[in-house]
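# Survey of secondary and tertiary structure
One letter stands for each residue in the lines below.
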Amino acid sequence: MAQIQFTNSLTRKKEVFEPLDPTHIRLYACGPTVYDYAHLGNARMAVIFDLLRNVLETRYEKVTYVSNITDIDDKIMTRAKETGKDISDITKLYTAIYNEDMAALGNRAPTIQPHATDHVAEMIAQIEQLIDAGHAYESDGHVLFHVPSFPKYGGLSGRSRDEQIAGARVEVASYKKDAADFVLWKPSSEDEPGWPSPWGRGRPGWHIECSVMSEKHLGLPFDIHGGGADLKFPHHENEIAQSCCAHGNEGDLSAFAKTWIHNGFLTVEGEKMSKSLGNFTLIRDVLDEGVDGIVIRLALLSASYKKPLDWSKELISRMEKMLKRIYTVILDTAEIGTIDLSETHKNDVLAALYNDLNTPQAFADIHRLLSDLERGDVSSEDKEVLRSELLLLCDTLGLKPENAENYLNKADASTLDKALVQKLITERDAAKQNKDYARADALRDELKDMGIALKDGPEGTTWERL
Ligand code: AMP
Ligand code: ZN
């Protein structure tokens, strides 16, 4: 059987994927902080991990995909203060919006979508384990992970100690023993959300939630951990530190997750799309402009997941053409039907995706299949095979081939040239006046082909969509 390969950020190598348990594949990807609408950069991560899940499901019967919701964070607290709204109202609203947007892009809901605030007790328990094991300490109401206690720290990102310190998010606080130490727990003031803990009322740092939620819902170690490349340091580095050190696995970075997969950035004119740079485009705005979610999905999959992808209007219009062509061929060949492909045959069709999710190659394969299916000199039997291959690729890429008819009807409606409709009606009126009924009927037929029905009334001719 063809092997599935991924680039493992932990070993920096492309490796054959060997499941820990072939009867159950376990996958975790860091989800959004819910305080605002998600942008296309967030969508890239979600689409890529949804694809990864689909690809794994073509081979393995059970895949559990966990992707979290960060619903306690300083950005959320700031938003609550700015708007005078309750934190839970904000997080509920933006979780719902995020999930709607993700569904519009053809993503299935993760198998489990845990919320950080539902796991505070487990976070406290893990912090206690870290203190007991000598990897964490309490200082001034905070609990910090002591980075020098874990000599393998930095193994994922490859950052030197100097770089780690330079990259630390906050300037060195007085309560830290070492500049690289990071927060596991911090105190909350009266007007801030907080939970009782052995260290006083407070709230967790960001990183501990993913260590706890992945372990709770997947067990340790699990197969694949992922997220955007920006998360490698410090977030994923810190997750590894917490999870390995809480369980006495200081010597083995893969004792938490075996394979780490990071997606490249979605960029705008070469710069990472992000809230802080202000160069972001919201998923919701692109959908509201009438761009179909599957067109956005295609765009996000058009480059290798490892590489940066630059967002542009030109990319969208290329993907609109591609989706229209795919759906048109699927509908035009509907009568030909499909066959059941053998396992070996399926492996061949999915070879590009099995090869480190090589979506550009999968797109090239789709174009070749479309060209063959559009040809007049290919037999129906051959087309039946080609069509089955095309549908398998489209399904795995999450392109929703079952939506072909709907999409094409919508696309027709939005590209309808109303001026042309009016011109043909005027021409038909003139033909009728000249008693050229054959011409008038031909024009009526032409309009019918465009999906337009005419109604002749005392006020003249009106039209509507068929
Ligand atoms: P955040 O809500 O900022 O924590 O991000 C949620 C997810 O989206 C994380 O996995 C990020 O790595 C990912 N992400 C954010 N911005 C981008 C971007 N411009 N390109 C690719 N992934 C991104
Ligand atoms: Zn995380």
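On to the coordination of the zinc ion (ligand 2), then. The coordination sphere of the zinc ion (ligand 2), as far as protein atoms go, consists of C30 (SG), C210 (SG), H235 (NE2) and E239 (OE), spread over 2.0 to 2.7 Å. Positions of the donor residues of the zinc ion (ligand 2), expressed as sequence spacing, correspond to C-x179-C-x24-H-x3-E. One end of the pair, H235, and the other, E239, are both in helix α7 (residues 232–246), four residues apart, so they sit about a helical turn from each other. We classify H235 as buried; its relative accessible area is 1%.

In the structure shown here, the tally under the stated rule is zero disulfides. The structure places no disulfide on C245, whose sulfur is separated from the nearest cysteine sulfur, that of C244, by 6.6 Å. Since its relative accessible area comes to 1%, C245 is described here as buried.

We now examine unusual backbone geometry. Following L220, the chain continues to P221 via a peptide bond in cis, the omega torsion being -15°. That bond from F233 to P234 is cis: its omega, 0°, falls within 30 degrees of zero. Of note, P234 is situated in helix α7. One non-glycine residue with positive phi stands out, namely K435, at about 55°. As for its placement among the helices and strands, K435 is situated in the loop between α16 (418–433) and α17 (437–449).

Taken in spatial order, the four strands of this open sheet run β4-β3-β9-β10, and their pairing is parallel. In this open sheet, the two edge strands, each paired with only one partner strand, are β4 (63–67) and β10 (257–263). Shown here is a sheet whose adjacent strand axes are inclined to one another by a mean of 20°, direction ignored. Pairing of strand β3 (residues 25–29) with strand β9 (residues 222–228), which is carried by three bridges, proceeds in the parallel orientation. By the bridge assignment for β9, A29 is matched with G226. Relative to β3, helix α6 (residues 207–218) is tilted by about 160°, and along the sheet it contacts β3, β4 and β9.

Relative to each other, α6 and α7 sit at 55°, their axes nearing to 8 Å. The angle between α6 and α7 places the two elements in the oblique class. Like other packed secondary-structure pairs, α6 and α7 cross with a definite hand, here right-handed. Here H207, I208, C210 and S211 of α6 come into contact with α7, specifically with P234, H235, N238, E239, Q242 and S243.

The subject of this paragraph is the domain arrangement of the chain. Taken domain by domain, the chain comprises domain 1 (5–263), domain 2 (267–411) and domain 3 (416–465). Domain 1 and domain 2 are separated by 31 Å when their C-alpha centres are compared. Taken together, the contact between domain 1 and domain 2 spans 34 residues of the former and 38 residues of the latter. Our enumeration of links across domain 1 and domain 2 arrives at four salt bridges. Between K272 and D230 there is a salt bridge, with its nearest N and O atoms 3.0 Å apart. Here domain 1 and domain 2 share 20 residue pairs in polar contact (both at pLDDT 80 or more) between them. Elements that contribute at least two residues to the side of domain 1 that touches domain 2 include exactly β1 (5–8), α1 (40–59), α3 (87–104) and β10. It is α1 that contributes the most residues to the side of domain 1 that touches domain 2, 13 residues altogether.

Rules used throughout
- Residues numbered from 1 in each chain as written.
- Chains lettered and ligands numbered in written order.
- Predicted model: local features only at pLDDT ≥ 70, side-chain atom pairs only at ≥ 80, totals over all residues.
- Heavy atoms only, no water.
- Donors = N, O, S within 2.8 Å, 3.2 Å for Na, K, Ca; no water.
- Helix = DSSP H or I, 4+ residues; strand = E, 2+ residues; numbered from the N terminus.
- Buried < 20%, exposed > 50% of the residue type's maximum accessible area, 1.4 Å probe, protein only.
- Disulfide = S-S within 2.5 Å.
- Pairing = 2+ DSSP bridges.
- Axes fitted to C-alpha atoms, helices over the stretch in contact; angles between N-to-C directions.
- Contact = heavy atoms within 4.5 Å.
- Parallel < 35°, antiparallel > 145°, perpendicular 65-115°, else oblique.
- Left-handed = near helix turned anticlockwise from the far one by under 90°.
- Domains from an automatic or database assignment.
- Salt bridge = Lys/Arg side-chain N within 4 Å of Asp/Glu carboxyl O.
- Polar contact = N/O pair within 3.5 Å; in protein donor to acceptor, adjacent residues only side chain to side chain.

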